[in-house]
Amino acid sequence: SEEDARELAEDNVPVYYLEAGMHSSEVTPIQVLANVVYRLATERSRDIDRILDEMLLVIVPAANPDGAHLTTDYFNETEGTSYERTFHDDNRDWLFFTQPESQIRIDIFRRYRPVVEHILHQAGATSPRMWTPPYNEPLGKESPRDSIQLQSSNALGLQVNRGLLAAGKKGVKWGDAYGIWNGADIASFETFMGSALLLFELASARDYALPYESDDGEPIGEQGRTMRNMLPYDRSAWTLEQMVDYMETGVWLALDAVSREPERYSYENLFQVPRNAVTSREGPSAYVIPAGQRDPYAVYDLLRIFDQSMVEIQRARAPFTAGGETYPAGSYVLSTRQPLGKWVDQLLDNAPYPDEARNCSQCPLVRPYSEATDSVHMMLGVDADAIAEPFSASLERVMRLTPAAVTMPLEPPREGAYLVEPDSYGVARFLADLQQADVPVLRAAQEFSAG
């Protein structure tokens, strides 16, 4: 009940997730978080005490540590040469969760349920000196994201923006760079849990760390004063020291803002957002993944995404009818009327591009940052049917997701071989394992007969 939820919100200590270093060429955020952690550990002041009293901070200081080492080593090795300081990037595995880095993040969100997901990034040297939410269009005219979550991201970004301007940080903008709400590859399942998403994009320097100067000696960036750029940057140079100063100031502003409203973030983001998903009457009521598909492993791969991201999966005990179609026993059902139901709809809805990138039927096309990552079932060649109205079926909750059983052939003689048809995504998994073990793997160059 709402009364119980408000009592829980009063007792709850909300979790604030803070991450740097996903993109290893963006070198400033890692330096910033070292400063932040040191100050939290050593300073005893009213502001720091409130942050520590009112929130639990989970900090990932280097989300891609291997890349950070590679970047630093290469930077040092190429000093004084004509080589470009090259790029090592871990971007982007926030749908399939295959890499250790993305698995760590998803495990943190499953365990701690943060009310804020704050990720520190950098953009090009000529970008705004720093950029905060609100994000750019498009939202997508049928976006399943919750308005409370969207607006908490916007409001927190504007609070930070206001504080940066008050601190005299020129060249700070909002809504400038790109829209992130249209697809699911940046704003992943965490936002459907209710987490406010706060991205900082900070202008970078030359060769990662050396000062950047404009070629003509003119101030860097847009000089016109607008609603999104109220205090244009008025210098021709930009240094690593400034980069650290801007971003660190922004981090403290965000931590301070959330620490002053812990109950509101707990109640609205952790209770209202998932409750709205459960009670929603918008969009399909469920998606059915029929039994007997071409590639059972692809079905497993699809369901594994939802299983990892806390979606309740059900399986039919008996045949049933939904949306005018009859489905066999063993078919899977993903209800959208559950806490992560809008995440289900985001990944399985086949919203045709570019229609979804318009905010009304007559509105101009707004190109999103990425428009190719939804309809995941289509990537995997799996049928998933949207069912508009509620239906009755004998369903059981899938508590442990496992691949379909495989019948193994008899072991061949020493001079023999295993023949595998390349018609399942699962084949790539064990072929990679065999190659890792230096087991020869051959591909037929032409049709042949055997056995």
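See the structure shown above.
Now for a description of the structure that goes with this document.

Parameters and conventions
Residues numbered from 1 in each chain as written. Predicted model: local features only at pLDDT ≥ 70, side-chain atom pairs only at ≥ 80, totals over all residues. Heavy atoms only, no water. Axes fitted to C-alpha atoms, helices over the stretch in contact; angles between N-to-C directions. Helix = DSSP H or I, 4+ residues; strand = E, 2+ residues; numbered from the N terminus. Parallel < 35°, antiparallel > 145°, perpendicular 65-115°, else oblique. Left-handed = near helix turned anticlockwise from the far one by under 90°. Contact = heavy atoms within 4.5 Å. Nonpolar A, V, L, I, M, F, W, Y, C, P; charged D, E, K, R; others polar. Buried < 20%, exposed > 50% of the residue type's maximum accessible area, 1.4 Å probe, protein only. Pairing = 2+ DSSP bridges. Core = buried A, V, L, I, M, F, W, Y, C linked by side-chain atoms within 4.5 Å.

1. A look at the packing of helix H3 (residues 46-54) against helix H8 (residues 240-259)
- Direction vectors running N to C along H3 and H8 enclose 60 degrees, while the axes themselves pass 9 Å from each other. Taken together, the axes of H3 and H8 lie oblique to each other. Where H3 crosses over H8, the handedness of that crossing is left-handed. Residues Asp 47, Ile 48, Arg 50, Ile 51 and Glu 54 of H3 form the contact with H8, whose own contacting residues are Trp 252, Leu 255, Asp 256 and Ser 259.
- Of the residues contributing to the contact of H3 with H8, the split by class is 4 nonpolar, 1 polar and 4 charged.

2. Observations regarding the environment of Gly 163
- Within the secondary structure, Gly 163 sits in helix H6 (residues 147-166).
- For Gly 163, a relative accessible area of 15% translates into the label buried.
- Residues Gly 163 and Pro 262, spaced 99 residues apart in sequence, show a C-alpha to C-alpha distance of 19 Å.

3. A look at the sheet that holds strand E13 (residues 332-335)
- Judged by pairing direction, the sheet is antiparallel, and its 5 strands sit side by side in the order E14-E9-E13-E10-E15 without closing on themselves. Each edge of the open sheet is held by one strand with a lone partner, namely strand E14 (385-387) and strand E15 (395-397). Within this sheet the neighbouring strands show an average axis-to-axis angle of 30 degrees, counted without direction.
- Across the face of the sheet, helix H10 (residues 296-308) comes into contact with strand E9 (286-289) and E13 while running at roughly 30 degrees to E13.
- Packed on one face of the sheet, helix H11 (residues 341-348) meets E9 and E13 and runs near 115 degrees to E13.

4. Let's talk about the pairing of E9
- Taking every second residue as pointing to the same face, both faces of E9 are buried, with Ala 286 and Val 288 on one and Tyr 287 and Ile 289 on the other.
- Note: E9 against E13, 4 bridges, orientation antiparallel. Paired with Ala 286 across the bridge in E13 is Ser 335.

5. Description of the nonpolar core
- The biggest cluster of nonpolar side chains holds 42 residues, and the ones touching the most others in it are Ile 289, Phe 306, Leu 334 and Trp 343.
- Among the elements that line this core, the one with the most residues is H10, at 8 residues.
- Excluding residues that lie within four positions of it along the chain, Ile 289 makes contacts with Val 299, Leu 302, Leu 303, Ser 331, Tyr 332, Leu 334, Val 382, Asp 383 and Ala 384.
- One finds Leu 156, Val 172, Trp 252 and Leu 255 within the second-largest nonpolar core, a separate group that totals 41 residues.

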